[in-house]
Each structure stands twice: as C-alpha cells, then as structure tokens.
Amino acid sequence: MYIERWLKSPFVLPDGSRIERKSGTPQGGVIRPILANMFLHYVFDMWMKRNFPKAPFEKYADDGVVHCSTKKEAYPIAFILFGCFIYIG
C-alpha cells in the first residue's frame, strides 16, 4: 500500500501545480534506494553470483563495482554487462 502511494504520488512544481507520474520513483524520495536495492539484489547480485561466481563485487544503492585483478578478467564481464544494459535500455 505505501509503496504504491510513493510510486503514484504526483510531482509538485514550485508554483504548486502537479504532474502525474507515469513511471519511476520520485527523485530524492526515501523509497528510491530501498527499491533500487531490492531490484538490484535479484537482477544484478544473483546474476553475478550465477555467471561470475569468482568475481567479487560491491553495490551501494544503484552503483556497483566488480573487483577484477587483470584487464583480461575485467573485459569479458564489462562486455557482457554492457550488452545487458543496452538490451534492457
């Protein structure tokens, strides 16, 4: 119920007028990092553990770092991630 309210709350302009949201979370809203962490846990964390189990990574909200020892190790991961991001949009 509360998540739905956050996602559907209108954007209020300085003059008091409102713009209805069609998608996304409010910029700066407290729900944004929580939903990002939940989503990325299932999308990114589980995918990395399944596809690159020996590549440790850190994530903070919607930022992440994959730790690689060499460029040879990093390039395949970066190439595949880039392809995923392009596919998803």
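Structure's up top.
Description of the structure in this document. Sequence order sets the numbering: in each chain, residues are counted from 1 along the sequence as written. At least 70 in pLDDT is required for a residue's local features to be given in this predicted model, at least 80 for side-chain atom pairs to be given and counted, and no such filter applies to totals for whole chains, interfaces and linings, which use all residues. Water and hydrogen atoms play no part in the side-chain values, which are based on all heavy atoms of the structure.

Runs of H or I in DSSP of at least four residues are treated as helices and runs of E of at least two as strands, each being numbered from the N terminus. The helix and strand tally for the protein chain stands at 3 helices and 4 strands. Each helix and strand of the protein chain, placed in order from N terminus to C terminus, yields the pattern α-β-β-α-β-β-α. The C-alpha radius of gyration computed for the protein chain amounts to 17 Å, which surpasses the reference 12 Å derived for 89 residues by more than 25%, pointing to a less compact arrangement than a globule. Each of the three principal axes of the protein chain carries a C-alpha extent, and together these read 55 × 25 × 20 Å. Only protein chains enter the calculation, and the probe is 1.4 Å; a residue is then buried if its accessible area is under 20% of its type maximum, exposed if over 50%, and partly exposed in between. Residues counted as buried form 18% of the 89 residues belonging to the protein chain. Taking the contacts inside the protein chain whose residues are at least 6 apart along the sequence as the reference set, 23% of them involve residues at least 24 apart. The size measure is the radius of gyration over C-alpha atoms, and the globule rule it meets is 2.2 Å times the number of residues to the 0.38 power. It only takes one pair of heavy atoms within 4.5 Å for two residues to be counted as in contact.

This part takes up the environment of A78. In this fold, A78 is placed in helix α3 (residues 71-88). Taking the C-alpha atoms as reference points, A78 and N37, separated by 41 residues in sequence, lie 21 Å from one another.

Turning our eyes to something else, we now look at the nonpolar core. We call a set of buried residues a nonpolar core when its members are Ala, Val, Leu, Ile, Met, Phe, Trp, Tyr or Cys and they connect through side-chain atoms within 4.5 Å of each other. In terms of nonpolar packing, the biggest core is built from 9 residues, these being L40, F44, W47, M48, F52, A55, F57, I77 and L81. At the level of secondary structure, the elements contributing two or more residues to this core comprise α2 (31-51) and α3. The greatest single-element share of this core, amounting to 4 residues, is contributed by α2. With near-sequence residues (within four places) excluded, F52 lies in contact with W47, I77 and I80.

Time to look at α2. Multiplying 1.5 Å by the helix residue count minus one yields the expected span of that helix. Taking 1.5 Å of rise per residue, the 21 residues of α2 would be expected to cover 30 Å, and the 29 Å separating its terminal C-alpha atoms lies within 8% of that figure. For α2, the principal kink sits at L40 and spans about 45°. Residues I31, L35, A36, L40, F44, D45, W47 and M48 constitute the buried set of α2. For α2, the secondary structure elements touched by its buried residues are α1 (2-8), β3 (57-60), β4 (63-66) and α3. To get the bend at a given residue, fit one axis to the seven residues ending there, fit another to the seven starting there, and take the angle between those axes.

Right, let's talk about the packing of aromatic side chains for a bit. Any aromatic ring pair is given by two values, namely how distant the centres are and how the planes are angled relative to each other. The rule is short: rings of Phe, Tyr and Trp, with Trp giving its six-membered ring, pair when the centres are within 6.5 Å, and they are stacked under 30 degrees, edge-to-face over 60, tilted in between. Following the criterion strictly, the structure yields 2 aromatic pairs and no others. The interplanar angle of 80° and the centroid separation of 5.3 Å between the aromatic rings of F44 and F57 together place this pair among those described as edge-to-face. Highlighted residues: F44 in helix α2 and F57 in strand β3, separated in sequence by 13 residues. As far as burial versus exposure is concerned, F44 and F57 are alike and both buried.

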